[in-house]
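Notes for the structure review
What follows is each chain in one-letter form.
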Amino acid sequence: MTVEAGAAEPMRVLFVDDDPGYLRAVRRLLRPGAAVELLVAGDGDTARRIVETDPPDLIVLDVYMPDLDGIEYCRRLKGNERTEHSVVVVVSAAMTAVLEHAARDAGATRALDKVADLDELFRIIRNHRPLPRIDGRPSGTRPRHLDPLALADQIASKLASAFDGWIDLAGATAAAQRGLDLRLRQIVFNYVSNAYRF
């Protein structure tokens, strides 16, 4: 599981995590020569300085840090015109459906378990194409409605809503309903990401 060279211009990826072991593993997995400029921040102040100086193309943000609430910071990034087009992936060692929902509501593209979903995280990094930069920041020229991750999420939400009435009639438990919703999202995401080669 390494990220190989792909694009001519390196994509700037910021990992924000207070776990030095995790950051070391990420550095090791991102091979030298990969088309990724890896930036790391072990605390909120460092992350904010990096983002304010030159917003990265993709930000991998831990939910729980001593001086930073990852979900609230994601919301701020998405509400700032300098960083609204940066892709944000929220990670946690204890990812739950509630955290995933909160991350999506805050504007995160994905919410992943930082250990169990490491392959998926590196697939996202490997396949992401940075937006053209204007004035040192992603320009946002890729239309949001063509983002395959967002499209997959929209389709899955509509499918889940359509099935809610049927599930209620069948007497399914709330846990079963959440499980079906997550499974639908996974199926649709896989279909759309393969179709778009994301």
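Each value, and the rule that gives it
- Residues numbered from 1 in each chain as written.
- Predicted model: local features only at pLDDT ≥ 70, side-chain atom pairs only at ≥ 80, totals over all residues.
- Heavy atoms only, no water.
- Helix = DSSP H or I, 4+ residues; strand = E, 2+ residues; numbered from the N terminus.
- Contact = heavy atoms within 4.5 Å.
- Areas by Shrake-Rupley, 256 points an atom, 1.4 Å probe, with all protein chains shown as cover.
- Buried < 20%, exposed > 50% of the residue type's maximum accessible area, 1.4 Å probe, protein only.
- Core = buried A, V, L, I, M, F, W, Y, C linked by side-chain atoms within 4.5 Å.
- Arc of directions from axis to C-beta.
- Polar contact = N/O pair within 3.5 Å; in protein donor to acceptor, adjacent residues only side chain to side chain.
- pLDDT = per-residue confidence, 0-100.
- Pairing = 2+ DSSP bridges.
- Axes fitted to C-alpha atoms, helices over the stretch in contact; angles between N-to-C directions.

1. Comments concerning the overall build of the chain
Tallying secondary structure elements over the chain gives seven helices and nine strands in all. Look at the contacts in the chain between residues 6 or more apart in sequence, and 69% of them connect residues 24 or more apart. Taken as a whole, the chain presents about 10400 Å² of accessible surface, with 54% of it coming from carbon and sulfur.

2. Regarding the environment of Pro 10
Locating Pro 10 in the fold gives a position in the segment before strand E1 (11-16). Pro 10 sits in the partly exposed class, given a relative accessible area of 40%. Taking the C-alpha atoms as reference points, Pro 10 and Asp 57, 47 residues apart in sequence, are found 9.8 Å from one another. With residues near it in sequence (within four places) discarded, Pro 10 still touches Ala 35, Val 36 and Glu 37.

3. Some remarks on the nonpolar core
Nonpolar side chains tend toward joint burial in soluble globular proteins. In terms of nonpolar packing, the biggest core is built from 24 residues, with Leu 14, Val 16, Ile 59, Leu 61, Cys 74, Val 88 and Val 90 touching the most fellow members. Sorting the residues of this core by element identifies E1, strand E2 (36-41), helix H2 (44-53), strand E3 (58-62), helix H3 (70-78), strand E6 (87-92) and helix H4 (97-105) as the ones contributing at least two each. With four residues, H3 is the largest single contributor of residues to this core. Leave out the neighbours within four places in its chain, and Val 90 touches Leu 61, Val 63, Cys 74, Met 95, Ala 103, Ala 108, Arg 110, Ala 111 and Leu 112. If you look at the next biggest cluster of nonpolar residues, it comprises 20 residues, including Leu 23, Val 26, Val 91 and Phe 122.

4. Some details on helix H1 (residues 20-29)
Because each turn of an α-helix spans 3.6 residues, side chains separated by three or four positions in sequence point in the same direction. For H1, every residue scored as buried is listed here: Tyr 22, Leu 23, Val 26 and Leu 29. The arc that holds every buried residue of H1, seen down its axis, measures 125 degrees, which confines them to one face. The exposed residues of H1 that point more than 90 degrees off its buried face are Pro 20, Arg 24 and Arg 28. N-cap assignment for H1: the residue whose side-chain oxygen lies 2.9 Å from the backbone N of Gly 21 is Asp 19.

5. Brief notes about the confidence of the model for the chain
Chain-level pLDDT for the chain is 75 on average; 58% of the residues reach the 70-or-more range. No element of the chain has a lower mean pLDDT than strand E8 (residues 133-134), at 48, and none a higher one than E3, at 93. Within the model, pLDDT remains below 50 along residues 139-146, and this stretch shows 16 contacts once partners closer than five positions in the same chain are excluded.

6. A look at the sheet that holds E6
Taken together, five strands build an open sheet; the order of strands is E2-E1-E3-E6-E7 and the sheet is parallel. In this open sheet, the two strands that pair with only one neighbour each are E2 and strand E7 (110-113). Taking each pair of neighbouring strands and ignoring which way they run, the sheet shows an average axis angle of 20 degrees. Pairing of E1 with E2, which is carried by six bridges, proceeds in the parallel orientation. By the bridge assignment for E2, Phe 15 is matched with Val 40. Relative to E2, H1 is tilted by about 175 degrees, and along the sheet it contacts E1 and E2.

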